[in-house]
Every structure is written in C-alpha cells, then in structure tokens.
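# Per-entry structural report
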Amino acid sequence: QVQLVESGGGLVQPGGSLRLSCAASLSSFRINAMGWYRQAPGKQRVFVAIITSDGNTNYVDSVKGRFTISRDNAKNTVFLQMNSLQPEDTATYYCYTNGFNSRRNSVMVYWGKGTLVTVSS
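Here's a quick rundown of the structure.

Conventions we followed
- Residues numbered from 1 in each chain as written.
- Predicted model: local features only at pLDDT ≥ 70, side-chain atom pairs only at ≥ 80, totals over all residues.
- Heavy atoms only, no water.
- Helix = DSSP H or I, 4+ residues; strand = E, 2+ residues; numbered from the N terminus.
- Rg over C-alpha atoms; globule rule 2.2 N^0.38 Å.
- Contact = heavy atoms within 4.5 Å.
- Areas by Shrake-Rupley, 256 points an atom, 1.4 Å probe, with all protein chains shown as cover.
- Salt bridge = Lys/Arg side-chain N within 4 Å of Asp/Glu carboxyl O.
- Buried < 20%, exposed > 50% of the residue type's maximum accessible area, 1.4 Å probe, protein only.
- Pairing = 2+ DSSP bridges.

Scanning the protein chain from terminus to terminus reveals 0 helices and 11 strands. A compact globule built from 121 residues would reach a C-alpha radius of gyration of about 14 Å, and the protein chain, at 14 Å, matches this within 12%. Restricting to contacts in the protein chain with at least 6 residues of sequence separation, those with at least 24 account for 57%. Accessible surface computed for the protein chain: about 6,500 Å², of which carbon and sulfur atoms make up 46%.

The structure is reproduced here in structure tokens:
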C-alpha cells in the first residue's frame, strides 16, 4: 500500500512563492523517483519536475530557473519550491512516485490527490 499526501498549495500573488510537500507512506515498495505533474482547468495533466533516488532532476522548460525539486529520502518526502509564480502556473499539482512493489512483483506508479495552486492578484 502506497499513499501520497500533498500539502502547501494556496493562493499567491504573481511573483510570489510557495513550497509544496508530498509525503509517501510505504509498504513493500521501493521508491525509484518522485515528482510533480500539474493540471490547469480544462487542460491535460502535464509533467513539471522529477527527482530520482540518486538525486538527478529534470524540469519542464517553463519552470526551469523558477522551481526546484528536492527530496528527503529518509522521510520519503518530495518538495517543490516554486518561485516567481505567474498566473499560468495556476493548476492542481499532483505528486507521484514510481518504484518496485514487492507484493505485486512489478513496477508501479502512484498518485496523490492533488493540491491547488492559484496565482492571482
């Protein structure tokens, strides 16, 4: 059983900052990577950022230089520091993880329920 719980969303003015957190509760699961997707109203869910177990990161071009992903492996937690937020960053942000589920003997992907970020003046 894997559960992801996001926190840190809210309303912020353009140019402001927010820090999202996602804590994973695990059982029989070895994490490979954790990351974030986002879904704006009326649009598809899209990739934002990922961090692997050895610390490699990747970002969508639109957030490079503004967002920073990090993780605490000991606490199975991933963070997304978002700076210089713009109205186009408004979306529900979803945490995800992929890794090996030993009970199912397979690679699995799990999602959180999302946290809403609204950037507006």
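A word on the pattern of salt bridges. In total, this model carries 3 salt bridges according to the counting rule given. Its salt-bridge partner being Arg66, residue Asp89 comes within 2.8 Å of it at the nearest N-O pair. Taken as a pair, Asp89 in the loop between strand S8 (77-82) and strand S9 (91-101) and Arg66 in the loop between strand S6 (57-59) and strand S7 (67-72) lie far apart in primary sequence, 23 residues in all. There is no split in this pair, since Asp89 and Arg66 are both buried. When salt bridges with common partners are traced through the structure, they connect Arg38, Arg66 and Asp89 into a single cluster.

Right, let's get into the environment of Phe100. Looking at the element boundaries, Phe100 is found in strand S9. For Phe100, a relative accessible area of 27% translates into the label partly exposed. For Phe100 and Gln39, which are 61 residues apart along the polypeptide, the C-alpha to C-alpha distance reads 26 Å.

Let's shift gears to the pairing of strand S3 (residues 18-25). Along any regular strand, the residues point their side chains to alternate faces of the sheet. Direction of pairing for strand S1 (residues 3-7) relative to S3: antiparallel, over a ladder of 5 bridges. Counterpart to Ser7 in the pairing with S3 is Ser21. Direction of pairing for S3 relative to S8: antiparallel, over a ladder of 6 bridges. For Leu20, the partnering residue across the bridge sits in S8 and is Leu80.

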